Amino acid sequence: MKIKENQIDKTIAFVKQQLANAEGGHDWFHIERVYNNALTIAKHENVNVFVVKLGALLHDIADSKFHNGDEAIGPKIAESFMRSIAIENHVIEHVINIIKNISFAGGKNPQSFKAPELDVVQDADRLDAIGAIGIARTFNYGGFKNRPLFDPSIKPNLEMTKAEYKASTAPTINHFYEKLLFLKDKMNTKTGLQMAKERHAYMEQFLDQFHAEWNGEK
């Protein structure tokens, strides 16, 4: 047990270092929130908590959107690190599969791997994309990419392919309709769904207020 605790401590230190200068919605604090969400959900699931912890900590170690779309770099960095701290091979394989299959990617990314640990980490990550934190992260990233807040002439594209989703430069508000409002119904666990319902309702309230203010109605 002490060995695993030490490995988690080393992983936390590594992730903090790697993401020291990351964009505000994908920094260490995002990882910490996902980690905490995952631990909350894991209490109610029959999972390997050590795998859940590593998966949550390493799931965004090198997000492809910040590495020219390279989806291989994150798993490579995570695998190299886990080997450096003597994580067992079967655990490394499990965590790498979580990293490779966690992404939304336009909602059309078929999962080639299924496991309760992935369900937990994926729910934890999706929870951080919705609600008050999700709203803040969405506009932070939109500003980072210099996107307009909203343009009524550009309608949300609800039928995007994975490639179109990754290449999208649409206004920030569109992201709610193209991804975030779908996440509640994609939760894998009962606890994740319960947590998502309140956050989803908060987003809907925000969007109603946003459009009313945009149109000068409130």
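Residues numbered from 1 in each chain as written. Predicted model: local features only at pLDDT ≥ 70, side-chain atom pairs only at ≥ 80, totals over all residues. Heavy atoms only, no water.

(A) Spotlight on the side chain of Ser-168. As for its placement among the helices and strands, Ser-168 is situated in the loop between helix H8 (162-167) and helix H9 (172-178). Judged by its relative accessible area of 16%, Ser-168 is buried. A polar contact of 3.3 Å, which involves the side chain of Ser-168, links it to the backbone nitrogen of Ala-170. Beyond its immediate stretch of four places on either side in the chain, Ser-168 contacts Arg-147, Met-160 and Glu-178. (Helix = DSSP H or I, 4+ residues; strand = E, 2+ residues; numbered from the N terminus. Buried < 20%, exposed > 50% of the residue type's maximum accessible area, 1.4 Å probe, protein only. Polar contact = N/O pair within 3.5 Å; in protein donor to acceptor, adjacent residues only side chain to side chain. Contact = heavy atoms within 4.5 Å.)

(B) A look at the environment of Leu-149. Following the sequence through the fold, Leu-149 ends up in the loop between helix H7 (131-144) and H8. You can call Leu-149 partly exposed: its relative accessible area is 46%. Residues Leu-149 and Arg-199, 50 residues apart in the sequence, show an inter-C-alpha distance of 21 Å. Leaving out residues up to four positions away in the same chain, Leu-149 has contacts with Phe-139, Pro-171, Thr-172 and Ile-173.

(C) Representation of the packing of helix H2 (residues 28-42) against helix H6 (residues 116-127) in the model. At a closest axis distance of 8 Å, the pairing of H2 and H6 adopts a crossing angle of 130 degrees. By the angle class used here, H2 and H6 are oblique. Handedness of the crossing formed by H2 with H6: right-handed. Listed contacts from H6 to His-30, Val-34, Asn-37, Ala-38, Ile-41 and Ala-42 of H2 are Val-120, Val-121, Asp-123, Ala-124, Asp-125 and Leu-127. By residue class, the composition of the contact of H2 with H6 is eight nonpolar, two polar and two charged. (Axes fitted to C-alpha atoms, helices over the stretch in contact; angles between N-to-C directions. Parallel < 35°, antiparallel > 145°, perpendicular 65-115°, else oblique. Left-handed = near helix turned anticlockwise from the far one by under 90°. Nonpolar A, V, L, I, M, F, W, Y, C, P; charged D, E, K, R; others polar.)

(D) Representation of the environment of Leu-127 within the structure. Looking at the secondary structure, you find Leu-127 in helix H6. With a relative accessible area of 0%, Leu-127 lands in the buried category. When the C-alpha atoms of Leu-127 and Ala-38 are compared, they prove to be 9.6 Å apart, with 89 residues separating the residues in sequence. Not counting residues within four places of it along the chain, the set of residues in contact with Leu-127 comprises Asn-37, Ile-41, Met-187, Gly-192, Met-195, Ala-196 and Arg-199.

(E) Expanded view of the pattern of salt bridges. In total, this model carries four salt bridges according to the counting rule given. Note that Asp-128 and Arg-33 form a salt bridge whose closest N and O atoms lie 2.7 Å from each other. Linking Asp-128 in the loop between H6 and H7 with Arg-33 in helix H2, this pair joins segments that are 95 residues apart in sequence. Take Asp-128: its relative accessible area is 1%, and that puts it in the buried class. One network of salt bridges, with partners in common, ties together Arg-33, Asp-128 and Arg-137. (Salt bridge = Lys/Arg side-chain N within 4 Å of Asp/Glu carboxyl O.)

(F) The packing of H2 against helix H10 (residues 190-214), seen in detail. Closest axis-to-axis distance for the H2/H10 pair is 9 Å, and the angle between their directions is 130 degrees. Looking at the two axes, H2 sits oblique to H10. Seen from H2, the contacting residues are Asn-37, Thr-40 and Ile-41; seen from H10, they are Thr-191, Gly-192, Met-195 and Arg-199. Split by residue class, the contact of H2 with H10 holds two nonpolar, four polar and one charged.

(G) Highlighting the packing of aromatic side chains. Evaluated as defined, the whole model comprises nine aromatic pairs. Arranged with centres 6.0 Å apart and planes meeting at 45 degrees, the rings of Phe-139 and Phe-176 form a pair that is tilted. Remark: Phe-176 occurs in helix H9 and Phe-139 occurs in helix H7; sequence separation between them is 37 residues. Under the relative-accessibility criterion, Phe-139 is labelled partly exposed at 22%. For the ring pair Phe-210 and Trp-214, a centre distance of 5.8 Å and an interplane angle of 20 degrees mean the geometry is stacked. With Phe-210 and Trp-214 both in helix H10 and four residues apart, this pair spans about one turn of that helix. Given the relative accessible area of 13%, Phe-210 is considered buried. Ring-pair connections join several aromatic residues into one group, and the members of that group are Phe-139, Phe-150, Phe-176, Phe-206, Phe-210 and Trp-214. (Phe/Tyr/Trp six-rings, centres within 6.5 Å; stacked < 30°, edge-to-face > 60°.)

On their own, these measurements won't tell you what the molecule is for.
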